[in-house]
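Chain and residue survey
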Amino acid sequence: MSRQPAVATKMSREMDKPLISLHLVDSDTSLAKVPDEAPKVGILGSGDFARSLATRLVSSGFKVVVGSRNPKRTAGLFPSAAQVTFQEEAVSSPEVIFVAVFREHYSSLCSLSDQLAGKILVDVSNPTEQEHLQHRESNAEYLASLFPTCTVVKAFNVISAWTLQAGPRDGNRQVPICSDQPEAKRAVSEMAITMGFMPVDMGSLASAREIEAMPLRLLPAWKVPTLLALGLFICFYAYNFVRDVLQPYVQESKNKFFKLPVSVVNTTLPCVAYVLLSLVYLPGVLAATLQLRRGTKYHRFPDWLDHWLQHRKQIGLLSFFCAALHALYSFCLPLRRSHRYDLVNLAVKQVLANKSHLWVEEEVWRMEIYLSLGVLALGTLSLLAVTSLPSIANSLNWREFSFVQSSLGFLALVLSTLHTLTYGWTRAFEESRYKFYLPPTFTLTLLVPCVVILAKALFLLPCISRRLTRIRRGWERDGAIKFTLPTDNALAEKTSHV
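The rules behind the values
- Residues numbered from 1 in each chain as written.
- Predicted model: local features only at pLDDT ≥ 70, side-chain atom pairs only at ≥ 80, totals over all residues.
- Heavy atoms only, no water.
- UniProt positions renumbered as here; feature names shortened; annotations may be inferred.
- Phe/Tyr/Trp six-rings, centres within 6.5 Å; stacked < 30°, edge-to-face > 60°.
- Buried < 20%, exposed > 50% of the residue type's maximum accessible area, 1.4 Å probe, protein only.
- Salt bridge = Lys/Arg side-chain N within 4 Å of Asp/Glu carboxyl O.
- Helix = DSSP H or I, 4+ residues; strand = E, 2+ residues; numbered from the N terminus.
- Contact = heavy atoms within 4.5 Å.
- Pairing = 2+ DSSP bridges.
- Axes fitted to C-alpha atoms, helices over the stretch in contact; angles between N-to-C directions.

In the nomenclature of an unreviewed UniProt entry, the protein is known as STEAP3 metalloreductase of Cebus imitator. According to the UniProt record, the Sequence similarities (unreviewed entry) comment for the protein is "Belongs to the STEAP family." Heading Subcellular location (unreviewed entry) of the UniProt record for the protein holds this comment: "Endosome membrane".

This part covers the packing of aromatic side chains. Throughout the structure, instances matching the rule amount to ten aromatic pairs. Ring geometry for Tyr249 and Phe257: centres 5.4 Å apart, planes at 75°, overall edge-to-face. On the basis of relative accessibility, which here comes to 45%, the residue Tyr249 falls in the partly exposed class. For Phe257, a relative accessible area of 33% puts it in the partly exposed group.

Moving on: the pattern of salt bridges. Under the counting rule described, the total for this entry stands at eleven salt bridges. Notably, a salt bridge pairs Asp48 with Arg51, separated by 3.0 Å at the nearest N-O pair. One end of the pair is Asp48 and the other is Arg51, both in helix H4 (residues 48-59) and three residues apart, which spans about a single turn. Residue Asp48 is classed as partly exposed on the basis of its relative accessible area of 36%. Residue classification places Arg51 among the buried positions, given a relative accessible area of 9%. Here Glu95 makes a salt bridge to Lys119, at a shortest N to O gap of 3.9 Å. Of this pair, Glu95 sits in the loop between helix H6 (87-90) and strand E4 (96-99) while Lys119 is found in the loop between helix H7 (113-116) and strand E5 (120-123), placing the two residues 24 residues apart along the sequence. Residues participating in the shared-partner salt-bridge network are Asp123, Lys154 and Glu212.

As a further point, take the environment of Leu205. Locating Leu205 in the fold gives a position in the loop between strand E8 (198-201) and helix H12 (208-213). Linking Leu205 and Cys178, residues 27 residues apart in sequence, is a C-alpha distance of 5.2 Å. Non-local contacts of Leu205, meaning those with residues more than four positions away in its chain, are made with Ala140, Glu141, Ala144, Val152, Lys154, Cys178, Ser179 and Asp180.

Let's shift gears to the sheet that holds strand E3 (residues 83-86). Spatially, the eight strands line up as an open sheet ordered E3-E2-E1-E4-E5-E6-E7-E8, and their pairing is mixed. This sheet does not close on itself; its edge strands, each paired only once, are E3 and E8. When strand polarity is set aside, the average angle formed by the axes of neighbouring strands in this sheet is 30°. Bridge count for E4 against E5 is four bridges, and the pairing is parallel. Of the residues in E5, the one forming a bridge with Val96 is Ile120. Lying on the sheet, helix H9 (residues 139-146) is in contact with E4, E5 and strand E6 (151-154); it crosses E6 at an angle near 170°.

As C-alpha cells, this is what we get:
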C-alpha cells in the first residue's frame, strides 16, 4: 500500500510530459533561439495542442508567449525559446492570440477582456459530437459573443497535435479559415503559410460550425461503400452457408459446420471482390448510355448515379481488400486439420481401390490456369490500389492516371472473369452442383461483370464510339448553341451547330 503514492506520482509525471521530446527541442538551435525582431504570437492554454502549436510557431520563426494559470509548473513542457508567463502578461503585447482552451473555460478569460480589446483571437477548439449537437452556435461564435471588442478567427482546429509536431508533410496541409474580418483572415492565412500549411478561405464566421464538424466526421466517403461491401458479404455468406453447410447436414446428415470460419469465408470473399470490381465500372456504362440516349452531355445525371460515380475509388479499394484477404485465406487452406484428414482419407481410398495413379489431366490444367489468372488479376488490382494513393496519383499526368484506372482496371475485370470461368469450368452444367436447387455461387457473380464487359465491347464499335466521343466533345443532337456578338448599335445573333 505504501507504494501507491509513488506509482501515482510517477504516472502523473508521465502524463505531464509533452508529446515532443524536450531534448529534441533544445537540441535544435532554430527552436532554442528566436530573433528579437520576429513577430510575436500569444497562446492561451498549456495542453498538448498548445505545446505542439508553440513548437511549430517557434520553428517557423515566430516569437511565442504562452499564458498559463501556473507558469512555473508548465514552463518545462514548452520549447526553451517560448516564454511561459501568466495569462495577463501573455496577452499584453501580441496582436494575434491563439485560444487553445476548451469551450467551458472561455468564461475564465473574461477578466482579460480589457487587454484583449482590438486583438485577433484564433479559436482552435473542437467540440465533441454531443456538444456539437447540443449547441446551436459554434465555439468560435460563442467566443466572439464573450469578446465583442475582439476579432475572432476560426482556424487550425482540423490539424492534430501530431501534425503540428511532425510537420505538415505528414498530415493534411489544408487549414480552413473563417472570420467576419478579411484583414484578420489574411493575417492568420499568412501565418499558416509560414508554418507550411495551405489556408482555405471558408467565408464568414458563420462557417465555423461547418469547420468544427469536419473533425467529427468518420470517413464520410467510405460509409456507403463499406455498407455495400458488408451487405454483399452477408448475402453471399448466407448463400454459401445454405449450400455448403446446411444442405449436407439436412440431406446427408453430415456435419460441415467446421467450414464456417475459413472455407465459407474464403468462398465468399472472391464473390464480394468480383462484384465490387464490376460495380466500379458499371456506373460509367450507365452514364455513357444516358449520354447516348439524351444526345448531349449537358444534362445532369441522377443523384444516385452521381454519388455512385463519386464513390468508385472507395469501392475499388474495398474490392482489392477482399481479393487480398481471399489470397491469404487460400494460402491457409492446406494448413487446416480438416484438409489433412481429407488427404489421409483420399490416400486410404486409393489404396483400398488398388489405384496407384489418380492423375486427371483436365483438372491439372484447369487448376494451373485458374491460379495463374487469379495471380494476374490480384497483381493488376494491386497496381490500381497503389495508383489511388495521393502521393502516387499526383506524380502521374491525366493520361497516365486514366490509362491505369480505366484500361488496366478493365483488364483486371476481364482477368477476374476468366479466373471465375476457369474455376467454374463445366461445373455449372452438372446437376449435383445445384444444391437445394440453388445454382453455384460463381454463376451469380458472373451476371453483373458480364453485362459490364459486353457493354464495354459495344461501346468500342465505331458507330457507337464515334457518336459518344462527339457527345463528350460538346456535340448535341437536335440542338444549337447561340452566340451573341456585339455590333455598333445592335446585337447580331449567330447560331452555330456544335
